[in-house]
Amino acid sequence: MFKGSYVALITPFRDGAVDEAAFVKLVEWQIEQGTHGLVPCGTTGESPTLSHDEHKRVVELCVKTARGRVPVIAGAGSNNTLEAIELTKFAKKVGADAVLSVTGYYNKPSQDGIYAHFKAVNDAVDIPIVLYNIPGRTIVDISLETMTRLFELKNVVGVKDATANLARVSQQRQAMGPDFCQLSGEDATALGFNAHGGVGCISVTANIAPALCAQFQEATLGGDFGKALDIQDRLMPLHHALFLDPNPAPAKFAASLLGFCANELRLPLVTASAATEQKVREAMRAAGLVN
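Residues numbered from 1 in each chain as written. Predicted model: local features only at pLDDT ≥ 70, side-chain atom pairs only at ≥ 80, totals over all residues. Heavy atoms only, no water.

Here strand 1 (residues 4–8) lies mainly inside the structure; 5 of its 5 residues are buried. Of the strand pairs in this sheet, strand 1 and strand 10 (residues 200–203) are connected by 4 bridges, and their pairing is parallel. If you follow S5 over to strand 10, its bridge partner there is C201. One ladder, built from 3 bridges, connects strand 1 with strand 4 (residues 37–39); its direction is parallel. Paired with Y6 across the strands is G37, a residue of strand 4. (Buried < 20%, exposed > 50% of the residue type's maximum accessible area, 1.4 Å probe, protein only. Helix = DSSP H or I, 4+ residues; strand = E, 2+ residues; numbered from the N terminus. Pairing = 2+ DSSP bridges.)

Moving on, we come to the side chain of S101. Within the secondary structure layout, S101 lies in strand 6 (residues 98–102). Judged by its relative accessible area of 0%, S101 is buried. Apart from the residues within four sequence positions on either side, S101 is in contact with A76, G77, F118, I129, V130, L131 and Y132. (Contact = heavy atoms within 4.5 Å.)

Mapped onto the elements, K160 comes out in strand 8 (residues 156–161). If near-sequence neighbours (up to four positions away) are discounted, K160 is found in contact with L100, V130, L131, Y132, N133, L183, S184, G185 and I202.

On to the sheet that holds strand 8. Overall, parallel pairing links the 8 strands, which are arranged 4-1-10-9-8-7-6-5 in an open sheet. Among the strands making up the open sheet, the edge pair consists of strand 4 and strand 5 (73–75). With direction set aside, neighbouring strand axes in the sheet form an average angle of 30 degrees. (Axes fitted to C-alpha atoms, helices over the stretch in contact; angles between N-to-C directions.)

Now for the environment of V72. Its place among the elements puts V72 in the loop between helix 2 (52–66) and strand 5. Residues V72 and C181, 109 residues apart in the sequence, show an inter-C-alpha distance of 15 Å. Look past the residues within four positions of V72 in its chain and what remains in contact with it is L38, P40, C62, V63, A66, A96, D97 and A98.

Here we come to the pattern of salt bridges. Across all of its chains, the model carries 13 salt bridges by this definition. One salt bridge connects E46 with K252, and the closest N-O pair in it is separated by 2.6 Å. Taken as a pair, E46 in the loop between strand 4 and helix 2 and K252 in helix 11 (residues 249–257) lie far apart in primary sequence, 206 residues in all. An identical accessibility class is assigned to E46 and K252; each is buried. The closest approach of N and O atoms between D141 and R168, which form a salt bridge, is 3.0 Å. Taken together, the residues D141 in the loop between helix 5 (135–138) and helix 6 (144–151) and R168 in helix 7 (residues 166–176) connect sequence positions 27 residues apart. Take D141: its relative accessible area is 30%, and that puts it in the partly exposed class. When its relative accessible area of 7% is taken as the criterion, R168 is described as buried. (Salt bridge = Lys/Arg side-chain N within 4 Å of Asp/Glu carboxyl O.)

Quick look at the nonpolar core now. Judged by nonpolar contacts, the single largest core of 74 residues is most densely connected at L9, L38, L131, L150, L235 and L238. Leaving out residues up to four positions away in the same chain, L235 has contacts with T205, A209, L212, C213 and A287. Of all hydrophobic cores here, the second largest spans 16 residues; its members include F2, I73, A98 and V102. (Core = buried A, V, L, I, M, F, W, Y, C linked by side-chain atoms within 4.5 Å.)

Once that is clear, we can look at the pairing of strand 7 (residues 129–133). Burial analysis of strand 7 places 5 of its 5 residues in the buried class, which makes it a mostly covered element. In strand 7, alternate side chains face the same way, and those of I129, L131 and N133 on one face and V130 and Y132 on the other are all buried. Of the strand pairs in this sheet, strand 6 and strand 7 are connected by 4 bridges, and their pairing is parallel. Bridge pairing in strand 7 links L100 to V130.

We now examine the packing of aromatic side chains. Summed over all chains, the structure comprises 3 aromatic pairs. Relative to F260, the ring of W29 lies with its centre 4.4 Å away and its plane at 35 degrees, an arrangement referred to as tilted. With W29 in helix 1 (residues 20–32) and F260 in the loop between helix 11 and helix 12 (274–286), the pair connects residues that are 231 residues apart, well separated along the chain. Residue classification places W29 among the buried positions, given a relative accessible area of 17%. Positioned above the aromatic ring of F260, the side-chain terminus of K25 is 5.4 Å from the ring centre. (Phe/Tyr/Trp six-rings, centres within 6.5 Å; stacked < 30°, edge-to-face > 60°. Lys NZ or Arg CZ within 6 Å of the ring centre and 35° of its normal.)

Our focus in this paragraph is the packing of helix 3 (residues 81–94) against helix 4 (residues 111–124). Viewed as axis vectors pointing N to C, helix 3 and helix 4 meet at an angle of 35 degrees, and their least axial separation amounts to 9 Å. Handedness of the helix 3/helix 4 crossing: right-handed. For the pair formed by helix 3 and helix 4, the contact residues are T81, A84, I85, T88 and K89 on the first element and H117, A120, V121 and A124 on the second. (Left-handed = near helix turned anticlockwise from the far one by under 90°.)

Structure representation (structure tokens):
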């Protein structure tokens, strides 16, 4: 259902407010550059610090700007199940193609709790749900058994897997079959992820190098892993540099160099350090993105 390079969009700010003009410009550029899909209001979009109104506005603006040219998977997760349902209903209302729904961070739910949370969202809104499994941030991991149960629900179609465990891709494919849509949540291992049976990546690097990320995904999905490896070698310094400081600080700095937004984040995140900025510049030069 969803495959290729999906960009985990940054949310541009200016003087403390969402910079809607910059966001529209970024979305248009992404589509022009060949990005296969858009993911607003994820972690990279600083969703924890967006108000509900801002969150909804960014999703709506993304859908309106895309105009059906590429799919939109709207971030709609929360550790409050009722809030997740509310955001999912809104995403459905404004025409998003699917939602990205994260496990209960901080609450540390059991596997039964994880299942009950996603089942409540599934039962409340008729829209495709991509599970977001990122135990490094949420502390909890959706087990293979729980994910298999969840895939039996009507609306659960796949996972954004940020476990960094490539064996999980094969295990999930074996348990649920090729129709379970597996998207990587980690740029650096997306090559191996697709080799194991994944079909794409929800990418931070695509904010900065959308054309290369799209070409990389097309190469892997077409079985041309030689070409994909060449692109991987070109992008790997950037994959690394964009996570030297907490995401999306390095990505916002890089986007500011490209003229897409101010280098501005919301507390408790701060701008990237001078050392990280230097590494990002070097990586962008190595990838041919800046002089």
